[in-house]
Amino acid sequence: IEWCSNKIDEIARQHFAAVDHDEVLARPLFYSSWLTKDTRRVNREELKTFLSARLKVFYEEELDVPLVVFDQVLDHVLRIDRVLRQPMGHCLLVGDSGAGKTVLSKFVSWMNGLQIFQIKAHSRYGIDDFNEDLRGVMRRVGVDGEKICFIFDEGNVLGSGFLEAMNALLASGEVPGLFDGDEYTSLMSACRDSAARDGVIVDSEEELWRRFTSVVQRNLHVVFTMNPSGGEWKNRSTTSPALFNRCVVDWFGSWSAKAMAEVGREFTMRLDMGDAEAVGGSWGIGAGEQLMTRVEDAFDGVAKGGFHQAVVAALVQLHAITKELSEEAGTSASSLSRTFLSPRDYLALINNFVTCVNHRREEIEDEQLHVNAGLSKLKQTQENVAELKVGLASKTIELREKETLANNKLQQMVADQNEAQKRKDEAEKMSIEVDKQQVAIAERKEKAQSELEEAEPALISARDSVKGIKKRDLDEVRNLARPPINVKLTLECVAIMLGEKKTDWADVKKLLAKKDFIPSILDFNVDNLTSRQIQIVREKYLDGNEDLSVEKVMRSSKACGPLYQWAESQIKYSTIYNSIQPLREEVEKLEQDAKVANDEKERLESEVAGLESSIANYKSEYATLIRDVEALKQEMEVVTTKVERAESLMKSLSQESERWSKSSEGFQSILTSLVGDGLQMAAFLTYAGFFPFSARRTLLQQWRSALDDL
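Treat the numbers as computed from the prediction; the structure is a model and nothing was measured.

What counts and what doesn't
Residues numbered from 1 in each chain as written. Predicted model: local features only at pLDDT ≥ 70, side-chain atom pairs only at ≥ 80, totals over all residues. Heavy atoms only, no water. Helix = DSSP H or I, 4+ residues; strand = E, 2+ residues; numbered from the N terminus. Buried < 20%, exposed > 50% of the residue type's maximum accessible area, 1.4 Å probe, protein only. Contact = heavy atoms within 4.5 Å. Areas by Shrake-Rupley, 256 points an atom, 1.4 Å probe, with all protein chains shown as cover. Salt bridge = Lys/Arg side-chain N within 4 Å of Asp/Glu carboxyl O. Axes fitted to C-alpha atoms, helices over the stretch in contact; angles between N-to-C directions. Parallel < 35°, antiparallel > 145°, perpendicular 65-115°, else oblique. Left-handed = near helix turned anticlockwise from the far one by under 90°. Nonpolar A, V, L, I, M, F, W, Y, C, P; charged D, E, K, R; others polar. Core = buried A, V, L, I, M, F, W, Y, C linked by side-chain atoms within 4.5 Å. Expected span 1.5 Å × (residues − 1). Pairing = 2+ DSSP bridges. Phe/Tyr/Trp six-rings, centres within 6.5 Å; stacked < 30°, edge-to-face > 60°. Polar contact = N/O pair within 3.5 Å; in protein donor to acceptor, adjacent residues only side chain to side chain. Patch = residues over 30% accessible without salt bridge, like charges linked within 9 Å, V, L, I, M, F, W, Y side chains within 5 Å.

Peer 1: So what's going on with the overall build of the chain? Which residues, and what values?
Peer 2: Per the secondary structure count, the chain includes 27 helices and seven strands. Every one of the 710 residues in the chain was classed for burial, and the buried ones make up 39%. For the chain, the proportion of contacts with a sequence separation of at least 24, taken over those separated by at least 6, is 77%. Carbon together with sulfur atoms contributes 49% to the accessible area of the chain, which is approximately 40,100 Å² in total.

Peer 1: I'd love a proper account of the pattern of salt bridges, names of residues and values included.
Peer 2: A pair can form between side chains of opposite charge whenever their charged atoms are brought close. Tallied over the entire structure, the rule returns 14 salt bridges. In this structure, aspartate 81 and arginine 85 form a salt bridge, with 2.9 Å as the shortest nitrogen-oxygen distance. In this structure arginine 85 comes out as partly exposed when scored by relative accessible area, which is 43%. Linking aspartate 272 and arginine 361 is a salt bridge whose minimum nitrogen-to-oxygen distance equals 3.8 Å. Here aspartate 272 is found in the loop between helix H12 (257–267) and helix H13 (276–279), whereas its partner arginine 361 is found in helix H16 (residues 343–467), with 89 residues between them in sequence. Residue classification places arginine 361 among the buried positions, given a relative accessible area of 8%. Linked through salt bridges whose partners overlap, the residues forming this network are Glu132, Arg135 and Glu183.

Peer 1: Tell me about the packing of helix H4 (residues 71–84) against helix H5 (residues 101–111), residues and numbers included.
Peer 2: Following both chains from N to C, one finds H4 and H5 inclined at 50 degrees, their axes separated by 9 Å at the closest point. On the basis of their axis angle, the class for H4 and H5 is oblique. Between H4 and H5 the crossing geometry is right-handed. Taken together, the residues of H5 that come into contact with H4 (itself represented by Val73, His76, Val77, Ile80, Asp81 and Leu84) are Leu104, Ser105, Phe107, Val108 and Ser109. Here the residues of the contact of H4 with H5 sort into seven nonpolar, three polar and one charged.

Peer 1: Can you lay out H5 for me, pointing to particular residues and giving the numbers?
Peer 2: Most of H5 sits inside the fold, with eight of its 11 residues counted as buried. Along H5, the residues classified as buried are Lys101, Leu104, Ser105, Phe107, Val108, Ser109, Trp110 and Met111. Positive backbone phi, approximately 75 degrees, marks glycine 113, located one or two places after H5.

Peer 1: Break down the nonpolar core for me, citing the residues and quoting the values.
Peer 2: One finds Phe107, Tyr346 and Phe353 to be the most contacted residues of the largest nonpolar core, which totals 78 residues. It is helix H15 (residues 307–331) that provides the largest number of residues to this core, a total of 11 residues. Of all hydrophobic cores here, the second largest spans 39 residues; its members include Ile119, Met138, Leu163 and Val175.

Peer 1: Lay out the packing of helix H3 (residues 44–61) against H5 with the relevant residues and their values.
Peer 2: Two numbers describe how H3 lies on H5: the axes approach to 11 Å, and their chain directions differ by 95 degrees. In terms of orientation, H3 and H5 fall into the roughly perpendicular class. For the pair H3 and H5, the contacting residues are Phe50, Leu51, Arg54, Leu55, Val57, Phe58 and Glu61 in the first and Val103, Lys106, Phe107, Trp110 and Met111 in the second. Grouping the constituent residues of the contact of H3 with H5 by class yields nine nonpolar, no polar and three charged.

Peer 1: Please provide a residue-by-residue account of the environment of valine 77, values included.
Peer 2: Among the secondary structure elements, valine 77 is positioned in helix H4. Counting along the chain gives 28 residues from valine 77 to serine 105, while the straight-line C-alpha distance between them is 7.8 Å. With residues near it in sequence (within four places) discarded, valine 77 still touches Trp34, Leu51, Leu104, Phe107 and Val108.

Peer 1: How would you sum up helix H18 (residues 485–497)? Please name residues and give values.
Peer 2: Since the α-helix turns once every 3.6 residues, residues separated by three or four places project in the same direction. Taking 1.5 Å of rise per residue, the 13 residues of H18 would be expected to cover 18 Å, and the 18 Å separating its terminal C-alpha atoms lies within 8% of that figure. The buried count for H18 comes to 11 of 13 residues, which makes it a mostly enclosed element. Among all positions of H18, only Asn486, Val487, Leu489, Thr490, Leu491, Glu492, Cys493, Val494, Ala495, Ile496 and Met497 are buried. Following H18 by one or two positions, glycine 499 adopts a phi angle in the positive range, close to 95 degrees.

Peer 1: Explain the sheet that holds strand S3 (residues 91–95) to me, using residue names and the numbers behind them.
Peer 2: If you trace the five strands from one edge of the open sheet to the other, you get S4-S5-S6-S3-S7, paired in parallel fashion. At either end of the open sheet lies a strand with only one pairing partner, and these are strand S4 (115–117) and strand S7 (248–253). Sheet twist, expressed as the average angle between the axes of neighbouring strands with direction ignored, equals 20 degrees. The sheet contact formed by strand S5 (residues 148–153) and strand S6 (residues 220–226) spans six bridges and is parallel.

Peer 1: Kindly report on the environment of valine 94, identifying the contributing residues and their values.
Peer 2: Structurally, the position occupied by valine 94 is in strand S3. The buried category is assigned to valine 94, whose relative accessible area is 0%. Note: C-alpha distance between valine 94 and aspartate 250 (156 residues apart in sequence) is 6.2 Å.

Peer 1: Summarise the packing of aromatic side chains; cite the residues concerned and give the values.
Peer 2: Under the definition given, this model contains 16 aromatic pairs. Between the aromatic rings of phenylalanine 58 and tryptophan 110, the centroid separation amounts to 5.4 Å while the plane-to-plane angle is 50 degrees, which identifies the pairing as tilted. Linking phenylalanine 58 in helix H3 with tryptophan 110 in helix H5, this pair joins segments that are 52 residues apart in sequence. Each member of the pair, phenylalanine 58 together with tryptophan 110, is buried. Consider the rings of phenylalanine 130 and phenylalanine 152, whose centres lie 5.6 Å apart with planes at 45 degrees: the pair is tilted. Linking phenylalanine 130 in helix H6 (residues 127–142) with phenylalanine 152 in strand S5, this pair joins segments that are 22 residues apart in sequence. Here phenylalanine 130 and phenylalanine 152 have matching classes, each one buried.

Peer 1: Describe the pairing of S3, naming the residues involved and giving the relevant values.
Peer 2: Along S3, five of the five residues are buried, which leaves the element largely enclosed by surrounding structure. Neither face of S3 is open: one carries Cys91, Leu93 and Gly95, the other Leu92 and Val94, and all of them are buried. Two elements, S3 and S6, share four bridges in a ladder whose sense is parallel. Bridging from a neighbouring strand, valine 94 pairs with methionine 226 of S6. Bridge analysis of S3 against S7 gives five bridges, and the strand direction is parallel. Bridge assignment links leucine 92 to a residue of S7, and that residue is valine 249.

Peer 1: Help me get a handle on the side chain of histidine 221, residues and values and all.
Peer 2: Inspection of the secondary structure puts histidine 221 in strand S6. Within the structure, the side chain of histidine 221 is placed 2.9 Å from the backbone oxygen of glycine 89, a separation counted as a polar contact. With sequence-adjacent residues up to four places away left out, histidine 221 is seen in contact with Leu84, Gln86, Met88, Gly89, His90, Leu114, Ile148, Cys149 and Phe150.

Peer 1: Pulling in residues and values, what's your account of a nonpolar patch on the surface?
Peer 2: There is a patch of nonpolar side chains on the surface, built from Phe16, Val19, Val24 and Tyr31 and spanning about 340 Å² of accessible area. Locating valine 19 in the fold gives a position in the loop between helix H1 (2–15) and helix H2 (21–24). Among the residues examined, valine 19 registers a relative accessible area of 38% and is labelled partly exposed.

Peer 1: Describe unusual backbone geometry, listing the residues and the values that go with them.
Peer 2: In terms of backbone geometry, most residues other than glycine have negative phi values and most peptide bonds are trans. For methionine 88, which is not glycine, the phi dihedral falls at a positive 55 degrees. You can see methionine 88 is positioned in the loop between H4 and S3. Looking at methionine 88, the relative accessible area reads 43%, which means it is partly exposed.

Quick look at the structure:
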């Protein structure tokens, strides 16, 4: 590559002396027609941006493999593109396994609209199968008019006939003996139809064959991919000269340190490396500075000297150490075989590193989650036990208060029951006394009533007689100038009883003239008679005058007879009524005493009812308190059981808790060294299987030394 670059400079300076060589020949030299209509020099960043976008589409549509665009990729992509754009353009891509020869060939073919063809070799795949595949691809190109890129890897060379056929195809566009007999006849028929479709008139089969081979040479592009590490590489130039005469050789070689750094940076960019990058620090100081410098070009535009750069430097160095040891082991006299490390192994190292770190981080975080969950549960249990103890103490106080309150209620209830019983006894005694008084009152009332009943018939009869007095009879009496003595005395008696002060005949006549005279007699209340009125009436008109009687008065006047009868019955009734006055007063006093006694009885009964209601309330409250006390006791028993069990569990887990605490504290240190451990694990998984035990031990020591330097 260096010789080629120098030769370009030499020829340019020799034949183009008038140009500014420093500007024109400034590296990198990228020429392409992808960004413009014609082929021009393009800027590296613009080209990288364009290819990154196209590679993303290619990755999504065609090939499920993530690709990284670095400077070497740009060189090879442009070279392959220039070759595949030319008629009979063929490539020989030489480089280590995994350098990107096949992937980039597919990508450039896709960019140029070429169909991709690769043989599918298997354990029984032979020359006949290969010839059949060649016939098929040549028919697709020469007859169907397809443009195909035939990617042929040296791993598919299962026999010498394979390379001989490909050598002939590159040299002349045909493979002798490939189409014979019926196959040749069928091919010619298809070529004739193809020529007719294209409007080409061909007279002979020879012209058809030439046209067929010409189309094949023009539209079939062959890309050979070879690994120079293989033992057959040295013999290819002599056994297959067309590989070099007819193909443009592009030396991929192996990836440079910068290329590996760019790939490592891209594939580890999204890897969670913990807090090391954010916290900051110094890496690659002293012996590791050279390692950091080797990959710093891959970190243009970002802060250099960071943790990510140190990780990429470690990946590159681990691969370099292993490759160097492999070469030393392969050249030693005691070596029976040789191990060739390629970019594919480096990609495997990166993939193993990312997988190991992610897997190990998940394991640690899951374990940490479980440990922290256990510690959190223990802490929560301790807090719950403390809360339960506090609650138990408060419930103990509450239980004592409720028991005291229940005892007070019970004592109050007993006291009220005693008081109620005492009041009941007093009420019963008072009830007996009231009953006795009621009996005495009834006896006195009955006696007084019996005496009054004797006078009541005469009183009622006299009142009825008065009702029968006719107005004309009264008018007749009133009109008398000198009434009979019996009439005059009767009316004077009535006037006195009605409360008249004057009893002269003229005054009596005025009394008779009043409209309410008869009603006043009928509504007369005997209680209104005074003792003097009774005495005057009795002495002067009733008992003191033997000539005055009902019969005599009736003979003198029909109107005065009922009035005399009324006056006599009223006086008699009043006399009896007054004679039983002491009895009535006694009855009244007895009734008052009975009322007092009854009121006292009712008061006692009311007190008893109030006490019984209070006792009922006390009983209800006491029952409620007893239920609360029992509920509290049961709850306290449950809480006590929980506390005892929890304390027993915490006691039994005390040692486990200490171990968990130490384990939780150790997680941070494990996470701190996670990336370094992941690098060692990935290197061991990727490379250790290639070497014997002694070489592995040497590798481990050198790997650890390199990681310590970083």
